[in-house]
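A structural walkthrough
Next come the chains, spelled out residue by residue.
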Amino acid sequence: MGNSYAGQPKSTRFEEVLHSSIEASLRSSSLVPRPIFSQLYLEAEQQLSSLEGGNQADNEEEEEEGESGLERNGPSNPYPLAPPPEGCCTTDGFCQAGKDLRLVSVSSEPLEVPTGFLLVGVKSPSLPDQLLVCAVDKRFLPDDSGHNALLGFSGNCVGCGRTGFCYFTEFSSHINLKLSTQPKKQKHLKYYLVRDAQGALTQGPAICWKGAEFRSRQASASVSSGPVLLPLEGSGPLTAFSSEPGAPGSNPGIPTGAQRAGSALFSEQSPPAAAPSAVVFNGRDSPRHQQMARSNLVALARPSALGILSNSGPPKKRHKGWSPESPWAADAGYAQGSVNRAKYEGVGVACVPQASMVGPASVTFPVVGSGEPVSVPDNLLKICKAKPVIFKGHGNFPYLCGNLNDVVVSPLLYTCYQNSQSISRACEQYGSSAVQPISEEMQLLLTVYYLVQLAADQVPLMEELEQIFLRSWRESHLAEVRQCPQAPLQPYLPAPGPAVPVTSAQLPWLAGLAASSCNESVHVIECAYSLAEGLAEMFRLLVEGKLAKTNYVVIIRACRNAAIDSCIAVTGKYQARILSESLLSPAEYQREVHCELATGKVDSLGAFFSTLCPEGDIDILLDKFHQENQGHISSSLTSMSVTNAAGLEVGGTPVCASECREPRSVWPAQLAVAQKLLSHVCSIADSSTRNLDLGSFEKVDFLVCVPPSEVTFQQTMAHVWRSGVLQELGLEPEPAAGQRLERRVLKLDAEAPATFTAFLQRSRRSPNTLFVLVHDHAHWDLVSSAVHSLYSQSDPCVGLVDKLLNCREVKEAPNIVTLHVTSFPYALQTQHTLVSPYNEVHWPVPYSDGVGLYPESKKYFGLSEFIESTLSGHSLPLLRYDSSFEGMVTALGKRFPRLHSAVIRTLVLVQHYAAALMAVRGLPQMKNHTSVETLEITQNLLNAPKQCPRGHGLMVLLRVPCSPLATVAYERLAHVRARLALEEAFEIILGDPGASITVGKHFVKQLKLWQKIEDAEWRPQTYLELEGLPCILIFSGTDPHGESLPRSLRYCDLRLINASCLARSALEQELGLAAYFVSSEAPEEQAVRSEAPDSDGEKPSSSDNEDEEAGTEACFEAASPERRSPVRRERSCSHDSASSSLSSRVSGSVPCSETSAQPPGPMQGEPARSSPPYGPAEEARAPVEKPRPDGVPWAGQRSLQVPAASCSQPASSPSPGAASAGTLVLQASQCSLAKACRQPPVVFLPKLVYDMVTATDSSGLPKAASLLPAPSVMWTSSFRPLLNKTMTSTEQSLYYRRWTVPRPSHMDYGNRAEGRVDGFHPRRLLLSGPPQIGKTGAYLQFLSNLSRMLLRLTEVDVYDEPEINSGPWEEPEWRYTQLSDPWPDLELFRKMPFDYIIHDPKYEDASLICSHHQGIKSKDRGTRRSEDPPARRQTARMRLSKYAAHSTYHHCEQCQHYLGSHLHYQLYESTLHAFAFSYSMLGEEVQLHFIIPKSKEHHFVFSQPGGQLESMRLPLVTDTSQECIKSPTFTPTTGRHEHGLFNLYHAMDGASHLHVLVVKEYEMAIYKKYWPNHIMLVLPSTFNSAGVGAAHFLIKELSYHNLELERSRQEELGIKPQDIWPFIVIADDSCVMWNVVDVDCSGERSREFSWSERNVSLKHIMQHIEASPNITHYALIGLRKWGSRTRGCDVREPFSRCHVHDFILLNVDLTQNVQYNQNRFTCDDVDFNLRVHSAGLLLCRFNRFRVMKKQIAVGGQRAFHITSKVSDSSAAVVPAQYICAPDSKHTFLAAPAQLLLEKFLQHHSHRFFPLSLKNHSHPVLSVDCYLNLGPQISVCYVSSRPHSMNVSCSDLRFSGLLLYLCDSFVGAAFLKQFHFLKGATLCVICQDRNSLRQTVVRLELEDEWQFRLRDEFQTANAKEDRPLFFLTGRHI
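Note that the structure is a prediction, hence the values are computed from the model and not measured.

1. Thoughts on the pairing of strand β11 (residues 552–559)
By the criterion of burial, β11 is predominantly enclosed, with seven of the eight residues buried. Strand direction decides the pairing type here: strand β10 (residues 522–527) and β11, joined by six bridges, are parallel. Opposite Ile525, over in β11, you have Ile555 as the bridge partner. Taken together, β10, helix α19 (residues 531–544) and β11 constitute a β-α-β crossover, and its handedness is right-handed. Two strands pair when backbone bridges link them, and β11 and strand β12 (residues 562–570) are joined in this way by seven bridges, in the antiparallel orientation. For Arg557, the partnering residue across the bridge sits in β12 and is Asp565.

In structure tokens form, the structure reads like this:
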């Protein structure tokens, strides 16, 4: 029985289809009915595939639809059943035996159920609101997955007791179901029936028939209630009734294909996720709604019966009206919507937030009037108990007159309708132009269906309705939408179908048809002429009381030939109250509450309270208690424990675990965020727009702007002071009192403009200072200053952020960077935002890129973790609501309709606190007048100090947003406390944002004692300083302003927050007050056992502590899953109430010993100590770092740990002190402050908010995240995707930037009109992160990092090494110069001996050069092995002077034209010029290329403009211009296009100069890209692998050739050749700065002098040297290398005749015949110096001019890598492998032969010259070259040229001879004049083996040297690489 058809026509089936077709024809004016037989003969495979895809093709669902719709709304054809026996009962709800089967009748009766049977609820179409009870064999029922049900039926009648029904058809007749279709168990057996706590039979979970997707068979009738203000993203029906959160279900809010044909098409053409998603029905506590939510799911799906008919798939009965019993909508909608539901579910918010903008948001007068006015009856509010809320719909709305105060009119529904019209316009943007919007008739009909399915405790949400319109439109226009390739969510759209328009004539009838099944919840009034008559009729019915059960009245005026008029009135008391209050603006809300308090309207509520207490008025009881106990009870309940604690402390015994803090530093996550901020700033500076020139700033200054909260202000100042950022930035020289703190922290109050003006003035006066403007808590006050006048009277601070931070001066200042910091950035992420998405920094999450940034022992407990704790399946989550409190508020709301809900809630909660305090204080009868939750709070508040030896207590945060109500609560609780003699037991603090904290003297004394403060004037200034104080903090203010709370916070009572108009940011910041870091370490068994059980006597008797304790344990484990170890769980009892057993259980089970070893976390510290930089809103719980001096402001911060000296060892320690240690562990574990380290606070929420927060969608995203992000923004369109849990913060930002726009009141509203295309401010950043996580510490660290970076940009690492081989200085016998000589005297200088020894420290590993002038150094100069890495050279950090040379990273306005990077300059187009000259040594013509920018062409001579390059212009020796440098500068470079210091603009002090970069051919393009305005000399391609010697060689030869050309050219102009300037400069690419040593010889004695150093420009040095007398007689002029360890002897001689390096002036005329060795890679400058000196030329070093060389880690010699030519060889090549025997199979290397030779000789020359090792008195003779043979071998250089100046070698016996590429000047006679040791070795090096043999013969070497065949070697080069060959021999 009950099987589906498989494509076979039957008679009944034919009748059904025929009936459906006829009815469709009657109802539709334009639709052609589908052929009947096309509906009947359907392939079975198609149905099966539909079943697999979504289980939506079951024919029983089709027939159910027919019976549910037609039997009550039209003529029906009953299914032909056997006639009932005569005389039997045929009454609905009774069996044929006359026994009542209705659940409401038999729920309390005992029913006998046979073994194996279950009680099941049966749905009867004739009784839509009732269930019939029957017993069914569970074998014939499905399991939880919808499978394994036996075919057939077996059941019993519980009424008459008849058993053995084997067919459901027979059974349905027996129980009088009276069906119109074939009876099937799948359609009518709907719910399991279960017993509740009272034993009553109630409706349970739905039976999960295959396809129905009701997945739970849990036998619990207590279901989680849903929020009233819930978004439209749904988890479906199961979420509504199941205890499994997020369980999927169908979406009744989707007007999808009601026909299964479309559903079947889903499974064939689209993935299962293509169907509409589900709605979560909120407020499901009532039994009626539990039934409604299960049965009325079709309510919203019916419109598609009018809108879509599919051409394929199984047939459905369409157009049969609507019935709440029809469950097919749920079945059809789930499978498609469950998988990817989050892809396009609606994000919803109560219709309120749209009104929460500037000015009045509600409309208490007619919006649009038309026609005759309608009078509002008098006393309407008194009669209805609530103000009806009328939503204007379509068309004209009549005028209202009369009692307008008792009615509210809103345009929100009209706006919703208009927004749905923008859907089609949005689609047109994607290319579809033919899409039509939803008709007005369809909109209204969908609205009616939506209202019908709402339960009695639900409130309509405009965004839910918007999403319904969206889904309906998508289905209706799927074909058009699919033509748009970029349309959002196109893959998830349902199947297409032709649209069926609803006509005006059909609308009233169809609306009435839908409303007829909702038990009068929706009433439809049809008007003939105008809405006025409908409104008048509604008012009449209201006055007559005929709408008492009606929540919504729909008024329609529909004519055939005119547009419809409509409006909807909300008349339900619950809904009308919430909606009317939500339409109030914040100012109106405050005004109304103040009016109610001022006029005494609340007195009636107080009088009512007094009648509730049988014992009499509470005040009378208080007075009686006070009189009876006065003088008998000490009010100081904690003084004894404090006194004892003090005594223990004096004794030196640790007394409380919470007082031992661990030192800590800035948390790694904060460092990471600070670095990300810094990188974003650098990105701004590096961008092509040049909006930030970091190179121009020398220091950093800042200003932190905070909301106008005194606590936040003091808190931020404390963070800034403790961070040390003032000292690091150089803003506060002494860290004492910090008088300048107030200049760095700005409270945005009425006095802020003056301080901000001073800040702007500082920024203008200091253009070299980078100012960072930090806007903390940036989501506060985003109101535009343009509308400030609306707030000028009520709140002068409104609009200050826009007025100050967005002023023109801040936007245009090039030295101000704005940083917005917030936990809720959504309002700053709109289409008009000023912050670029690339300038957003999001806090790293611990489970992705934040790995390693969070300590393993710590877990951040934020909103998602609180929600997670509610899903643990236990009774006491950390997020709770108070059902008894909510019930009382609801009842009083009906009794006092004129009082605002906030007033009622506040007074009720205060009454509960008063009764709870009285109950705890000794009046147990008052327990009945409070809630268990409030009693728990007060018990723990009073008992916590008793559990700590020092009296530490806990804090209770009572959030009262309305300030007048907060004052009332404060005064009332203070009065109760005084009457109960509890003034010294706990403090009550009124937390007003505009005022400072007021604490009683007794408690100030306690705080000073705990925090060891001796300052007599000290008072707590922040909430963090209330650490450990037992108190109730009444926290007022519309929004929190970033105040951090201490770690002793135990309860966050948020039951009074405004639940009617919450946006996402408002909700998250309220819950952010409880955000916390907890320890996730596993509790240890010993610590658990050490807890002694306390009495349970004071716990509320209404709770089961054992069950709750186990529940909270598991709850906490679920929330902290990181590290768990098996522990034996024991019950831990304490004075905590039952509900707080989480606190006692969890905290008591964490070992104290573990905390001392825990790494520092991102939490905050202890009241009496300082801590690192943390923020005003997030660092409430951090350990501290260093003690602070007295009198300095401090904000105590929460510690996440419980370190204590008393528990520094495990309780199981076998030491003699184990017993006492165990006692101390017991004490520590009982301290409430110690417990707080290991648990987050408990949060109490309003029921509405709780439902909203705990509901999640299918992706796990909390529903609250889908709310409107902020009241100040609005959605751009309903045509938007939905948020998803998988979205990152960046993706959420992009989502809000795409789909939200600011309201006109928002400060960013006019941003797009400023003329910029993108609208982003280039110097504005946004930092977002969860609350209480450490953002303030991060941005303070960022300021420090930024300051260090600017210093780093203005500093450079230069080589700082003393000169080598200098030895002790001795007074010379002859003075060649005087101390004060500015230039050398040529004649005296000629007499000065040349210093052969190398003093440059970079040649520390080079061979020593010996001469007869200097003593031979015999010390051991080096012992490093060749394989050892080179030693790190010493460097010093130097501040860049204004005359420094710069790399590409320097940008400033002055040198932009020099670099050629200015956007407006077009002069940097370069031309390539060839320049050739011949040189005999190369044997061919040298072809060079110049790249010359047009701006530098004046330095050259061309044959004609743009013609052949002829020469480079040279000045005259006699030129004396002070604005130019005569010597052209050549800089050879490789691999340093970015880091080379080629920007000489500042070094030359702006003087005109010629600078040429010498680059290799393969690097030409990259250098040209980075230096477009520099002249470049490109070496031939044959030199691509050459060393620096080749560059020097070509520079010198080119310069001499150019000198000759210039002499010829200018000789024609009458200029003598010797007058042409012959010098060039060859400078390294790492010369960064130059300085001069000034010598003062004014001492009393002639030998005394002093000196000082100063930075000078290169221009100064060059002009000084170029002005030297007889300068053309010098061949080489150089500078000394800078070093910090300058000695007197170093500056005594102003000039030296020695080697010069790095920066030289070369006289190309004098050195015409002296060449650089073009083959050299290293030491080529030493070799050239020796050649020049041996040629008889002068080398002069200006000792008082010094050059600093920057350490550059890339390029230069590092560019040469020696690797193997074998591609697969991964082994490293060592220097010993650089040579090999000829013709061997040695692995060849990919490196030049000369480089291999030089490197081998540097490391392994001792193999060739064994006698020379450490034998400095017998050096190696090196002829015509200097090769580095390593530091342990000395060489003696001689030149073979005639008339050379060589050292006297007559008295030297050499240990070796080195002949390198000998030319013809070296002969046998020349060598015979030198003497060698016996056994000395010879090394001859030649280009090839033939030359090697010829050289041996020519030099007659075999006469004195012995050679062996095996002593011939070559460099490890292949033949094509031209290896070098060398032969070694031994002296005979």
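Having seen it, we continue.
2. What about helix α26 (residues 710–723)?
A rise of 1.5 Å per residue sets the reference length of α26, with its 14 residues, at 20 Å; its end C-alpha atoms lie 20 Å apart and thus fit the reference within 8%. Among the 14 residues of α26, 14 are classified as buried, and the element is accordingly described as predominantly covered. Phi turns positive, to about 75°, at Gly724, one or two residues after α26.

3. Some remarks on the environment of His842
Of note, His842 is situated in strand β17 (residues 840–842). Of the residues examined, His842 reaches a relative accessible area of 10% and is grouped as buried. Beyond its immediate sequence surroundings of up to four residues, His842 is in contact with Lys676, Gln829, Ser1289, Thr1290, Ser1293 and Ser1328. Polar side-chain contacts of His842 include one of 3.0 Å to the side chain of Ser1328.

4. Some remarks on a positive patch on the surface
On the surface, Lys382, Lys385, Lys387, Lys573, Lys601, Lys894, Arg895 and Arg898 cluster together into a positively charged patch. Relative to the helices and strands, Lys382 is located in helix α13 (residues 380–384).

5. Let's talk about the packing of helix α23 (residues 618–629) against helix α34 (residues 901–921)
At a minimum axis separation of 12 Å, α23 and α34 run at an interaxial angle of 30°. Considered as vectors, α23 and α34 are oriented roughly parallel to each other. As for how α23 packs across α34, the hand of that crossing is left-handed. Side by side, α23 and α34 meet where Ile618, Leu621, Leu622 and Phe625 of the first sit next to Gln911, Met918 and Arg921 of the second.

6. Some points on the packing of aromatic side chains
A complete count under the given rule lists 38 aromatic pairs for this structure. Considering the side-chain rings of Phe1394 and Tyr1396, the 5.1 Å spacing of their centres and the 85° angle between planes classify their relative orientation as edge-to-face. No difference in accessibility class separates Phe1394 from Tyr1396, as the two residues are buried. Ring plane angle 50° and centroid distance 6.1 Å describe the contact between Phe1542 and Tyr1567, whose orientation is recorded as tilted. Within this pair, whereas Phe1542 is found in the loop between β38 (1529–1532) and β39 (1555–1559), its partner Tyr1567 is found in helix α49 (residues 1564–1570), the two being separated by 25 residues in sequence. Comparing Phe1542 with Tyr1567, the two get one shared label, buried. Its guanidinium or amino end placed over the ring of Phe1035, Arg959 lies 5.3 Å from that ring's centre, counting from NZ or CZ. When the ring centre of Phe1244 is taken as reference, the NZ or CZ atom of Arg1055 above it lies at 5.4 Å.

7. Brief notes about helix α21 (residues 586–598)
Along an α-helix, residues three or four apart share an orientation, since each turn contains 3.6 residues. Here α21 is 13 residues long and its end C-alpha atoms lie 18 Å apart, about the 18 Å a rise of 1.5 Å per residue gives. Listing the buried residues of α21 in full gives Glu588, Tyr589, Val593 and Glu596. Burial along α21 is one-sided: seen end-on, the buried residues are contained in an arc of 130°. In α21, the exposed positions angled more than 90 degrees off the buried face are occupied by Arg591 and Ala598. Buried positions along α21 lie against α34 and α36 (963–979).

8. As for the sheet that holds strand β30 (residues 1324–1328)
Pairing is parallel across the open sheet formed by six strands, whose spatial order is β14-β13-β15-β16-β30-β17. Pairing within the sheet leaves two strands with one partner each, and these edge strands are β14 (745–747) and β17. Strand-to-strand twist in this sheet, taken as the mean axis angle between neighbours without regard to direction, amounts to 20°. In the packing of α26 onto the sheet, the strands contacted are β13 (699–706) and β14, and the crossing angle to β14 comes to about 175°. The sheet contacts of helix α46 (residues 1335–1353) involve β13, β15 (769–776), β16 (816–822) and β30, and relative to β15 the element is tilted by about 170°.

9. Focus: the environment of Val706
Inspection of the secondary structure assignment puts Val706 in strand β13. The buried category is assigned to Val706, whose relative accessible area is 1%. Spatially, the C-alpha atoms of Val706 and Asp776 are 5.4 Å apart, while their sequence positions differ by 70 residues. Among all residues touching Val706, those that are not within four sequence positions of it are Thr712, Phe713, Thr716, Val745, Leu746, Lys747, Leu748 and Asp776.

Cut-offs and rules
By convention here, each chain's residues receive numbers from 1 onward along its written sequence. Restriction of local features to residues with pLDDT of at least 70 applies here, the model being predicted, together with a cutoff of 80 or more for giving and counting side-chain atom pairs; totals for whole chains, interfaces and linings are based on all residues. Each side-chain value is derived from all of the structure's non-hydrogen atoms; neither hydrogens nor water enter the calculation. The rule is simple: take the accessible area with a 1.4 Å probe, protein chains only, and divide by the maximum for that residue type; under 20% is buried, over 50% is exposed, in between is partly exposed. Going along the chain from the N terminus, every DSSP run of H or I of four or more residues is numbered as a helix, and every run of E of two or more is numbered as a strand. In this analysis, strands are considered paired if DSSP registers two or more bridges between them. The crossover handedness rule: strands pointing away from the viewer, path from first strand over the helix to second strand clockwise, crossover right-handed. By this rule, a helix spans an expected 1.5 Å times one less than how many residues it contains. Here, two residues are considered to be in contact whenever any of their heavy atoms come within 4.5 Å of each other. Polar contacts here mean pairs of N or O atoms no more than 3.5 Å apart (in protein, one a potential hydrogen donor and the other a potential acceptor; neighbouring residues in sequence count only if both atoms are side-chain atoms). Within the patch definition used here, like charges are joined within 9 Å and nonpolar side chains (Val, Leu, Ile, Met, Phe, Trp, Tyr) within 5 Å, considering only residues with over 30% relative accessible area and no salt bridge. Calculation of accessible area relied on Shrake-Rupley with a 1.4 Å probe; when residues are assessed, cover is drawn exclusively from the protein chains displayed. Salt bridges, as used here, are contacts in which a Lys or Arg side-chain nitrogen is within 4 Å of a carboxyl oxygen on Asp or Glu. His residues and chain termini do not enter the charge count, which takes Lys and Arg as positive and Asp and Glu as negative. A charge is said to be at NZ when it belongs to Lys, at CZ for Arg, at CG for Asp and at CD for Glu. Axis definition: a line fit to C-alpha positions, over the contact stretch in the case of helices; interaxial angles, taken between N-to-C directions, run 0 to 180 degrees. An angle below 35 degrees is read as roughly parallel, one above 145 as roughly antiparallel, one from 65 to 115 as roughly perpendicular, and any other as oblique. It is the rotation of the near helix from the far one that decides the hand of a crossing: anticlockwise by less than a right angle makes it left-handed, clockwise makes it right-handed. Pairing of aromatic rings covers Phe, Tyr and the six-membered ring of Trp, with a centre-to-centre limit of 6.5 Å; geometry is then stacked below 30 degrees between planes, edge-to-face above 60, and tilted otherwise. Ring-over charges, as used throughout, are those where CZ of Arg or NZ of Lys falls within 6 Å of the ring centre and within 35 degrees of the ring normal. To obtain the arc, one takes the directions from the helix axis to the C-beta atoms.

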